[in-house]
Amino acid sequence: MSLEAFSHSKPLTLGVELELQLVNTHDYDLAPYAEDMLRLMSKINLPGSVVPEMTSGMIEISTGVCNTWSDALGELSQIRDALVKCADKLNIAVVGGGTHPFQQWHQRRIYDKPRFQELSALYGYLSKQFTIFGQHVHVGCPDADTALYTLHCMSRYIPHFIALAASSPYVQGHDTAFDSARLNSVFAFPLSGRAPCILTWAEFEAYFDKMTRTGVVKSMKDFYWDIRPKPEYGTIEVRVFDTPLCVDRAAALAGYVQSLAAWFQAERPFTPTEDDYLVYSYNRFQACRFGLDAVYVDPPTGEHLPLRDHLLLTMERLAPYAEKGKAEGALAMLRAEVEENRNDARWLRERQTQERLLGEVVRQAALRFRS
């Protein structure tokens, strides 16, 4: 199978996808209600889409093509409100977060869809352990070579994305000591991690052809990279975010991605190289483990500095692009949380310290999603 042509898209447009938890309102464990939710949601005229995910206690929502983060917030809010109403009819709740704090993977059911059944047959128990919840952000690129350039520039900021969105400290009822434990599950899959450092679409097509000849890859969906090109949409897709606990934060994260992309595409501030990836895994681990308290190693210089400091410096650099893209509110929201050293992982831990019951933490997270 040949790689499809890179479609035209308006530069810097946005699309946001959120994988969400469906929980019962008895003990707040995951509940297999995806089919019922899809049936109810199909009767409501909404922007974007609502689709099933790997297991039946999950659902995925997505916006249409948006110009600004506030447009994305408006669409996410409409879909959120409809989800809440449908969930109330079923006596269940919808929750954000990158992992469910205490669900047991062996109790999950694979959703009855051919691709999910194929993945289950291939990956075995990993498919049920993939009951994790992420946010994906698409950003439009004017052409294929610009998409690859933007992708590899964006890779230096993967720790930013992980730390800002981290919301998965608990797995199987235990505090993992990670702010984002979700990404450890993603790493179990082959073809996860980083994309190869290729900067022209012609070279990428040659790489894709080699991979398909091995029989390992059939389409771009088989790559579980942290960032991957999406030629059918004319975008790149950033995939490392945990699902936030509320849609406001999800939209703000999209605004941050858009502002970075605007800077890269307007100024071409550096040329990505393979050496950028020497510290990639270390930076990624630091952000997963320590969140905003991580150490960041600057790829070109090797300088070690607090990730919070690098985040704040970057936001300052992005200010004119955020203003031009009407994303000042997004960056202001995220900046305030960085300065206060707060992310969703910290909020979840604070609730658990207070309540001493993860079911109650999930209940409060469901209330936060509603608002």
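Residues numbered from 1 in each chain as written. Predicted model: local features only at pLDDT ≥ 70, side-chain atom pairs only at ≥ 80, totals over all residues. Heavy atoms only, no water.

A. A look at the overall build of the protein chain. Helix and strand counts for the protein chain stand at 14 helices and 13 strands. By the compact-globule yardstick of 21 Å for 371 residues, the protein chain fits well, its C-alpha radius of gyration being 20 Å. C-alpha atoms of the protein chain, sized along the principal axes, occupy 55 × 50 × 35 Å. Look at the contacts in the protein chain between residues 6 or more apart in sequence, and 77% of them connect residues 24 or more apart. Accessible surface computed for the protein chain: about 15100 Å², of which carbon and sulfur atoms make up 51%. Charge separation in the protein chain, taken as the distance between the mean sites of 38 positive and 46 negative side-chain charges, equals 4 Å. (Helix = DSSP H or I, 4+ residues; strand = E, 2+ residues; numbered from the N terminus. Rg over C-alpha atoms; globule rule 2.2 N^0.38 Å. Contact = heavy atoms within 4.5 Å. Areas by Shrake-Rupley, 256 points an atom, 1.4 Å probe, with all protein chains shown as cover. Lys, Arg positive; Asp, Glu negative; His and termini not counted. Charge placed at Lys NZ, Arg CZ, Asp CG, Glu CD.)

B. Broad picture of the pattern of salt bridges. Tallied over the entire structure, the rule returns 21 salt bridges. Close ionic contact of D81 with R80 constitutes a salt bridge, the shortest N to O distance being 2.7 Å. A relative accessible area of 38% means that D81 is categorised as partly exposed. Using a relative accessible area of 8% as the deciding quantity, one classes R80 as buried. Among the ionic pairs, E274 bridges to R194, the shortest N-O distance being 2.7 Å. Here the residue E274 occupies a position in the loop between α9 (247-267) and α10 (280-290), and R194 occupies one in the loop between β8 (192-193) and α8 (201-214), the gap between them amounting to 80 residues. Given a relative accessible area of 42%, E274 falls into the partly exposed group. (Salt bridge = Lys/Arg side-chain N within 4 Å of Asp/Glu carboxyl O. Buried < 20%, exposed > 50% of the residue type's maximum accessible area, 1.4 Å probe, protein only.)

C. Expanded view of the nonpolar core. Formed by 109 residues in total, the largest nonpolar core has its most connected members in M37, M154, F161, Y256, L260 and F264. For this core, the element with the most residues is α9, which contributes 13 residues. In contact with M154, not counting residues within four places along its chain, are F161, I227, I236, V238, V257, L260, A261 and F264. (Core = buried A, V, L, I, M, F, W, Y, C linked by side-chain atoms within 4.5 Å.)

D. Highlighting helix α1 (residues 34-41). Buried within α1 we find A34, M37, L38, L40 and M41. One face of α1 carries all of its buried residues, which in axial projection span an arc of 165 degrees. Structurally, α1 contributes buried residues whose contacts are with β1 (14-24), β2 (49-52), β3 (58-62), α2 (69-90) and β4 (92-95). (Arc of directions from axis to C-beta.)

E. Just the pairing of strand β11 (residues 235-242), in detail. A large share of β11 lies buried, amounting to 8 of its 8 residues. Where strand β5 (residues 134-140) and β11 come together, 6 bridges link them in antiparallel fashion. When the bridges of β11 are listed, V137 appears paired with V238. Of the strand pairs in this sheet, strand β10 (residues 227-230) and β11 are connected by 4 bridges, and their pairing is antiparallel. (Pairing = 2+ DSSP bridges.)

F. Unusual backbone geometry, seen in detail. Of note in the backbone geometry, L12 takes a positive phi value of approximately 75 degrees without being a glycine. By the secondary structure assignment, L12 is in the segment before β1. A relative accessible area of 23% means that L12 is categorised as partly exposed. Its identity is not glycine, yet A177 carries a phi of approximately 70 degrees, on the positive side.

G. Focus on the packing of α1 against α2. Contact geometry for α1 and α2: axes closest at 10 Å, N-to-C directions at 120 degrees. When the axis of α1 is compared with that of α2, the two are oblique. Handedness of the α1/α2 crossing: right-handed. Every residue of α2 that contacts α1 at D36, M37, L40 and M41 is listed here: I79, A82, L83, C86, A87, K89 and L90. Residue classes in the contact of α1 with α2 are distributed as 9 nonpolar, no polar and 2 charged. (Axes fitted to C-alpha atoms, helices over the stretch in contact; angles between N-to-C directions. Parallel < 35°, antiparallel > 145°, perpendicular 65-115°, else oblique. Left-handed = near helix turned anticlockwise from the far one by under 90°. Nonpolar A, V, L, I, M, F, W, Y, C, P; charged D, E, K, R; others polar.)

H. Up close: the environment of V171. With respect to the helices and strands, V171 occurs in strand β6 (residues 170-171). Between the C-alpha atoms of V171 and P101, which are 70 residues apart in sequence, the distance is 5.1 Å. Excluding anything up to four places from it in sequence, V171 contacts T99, P101, T176 and A181.

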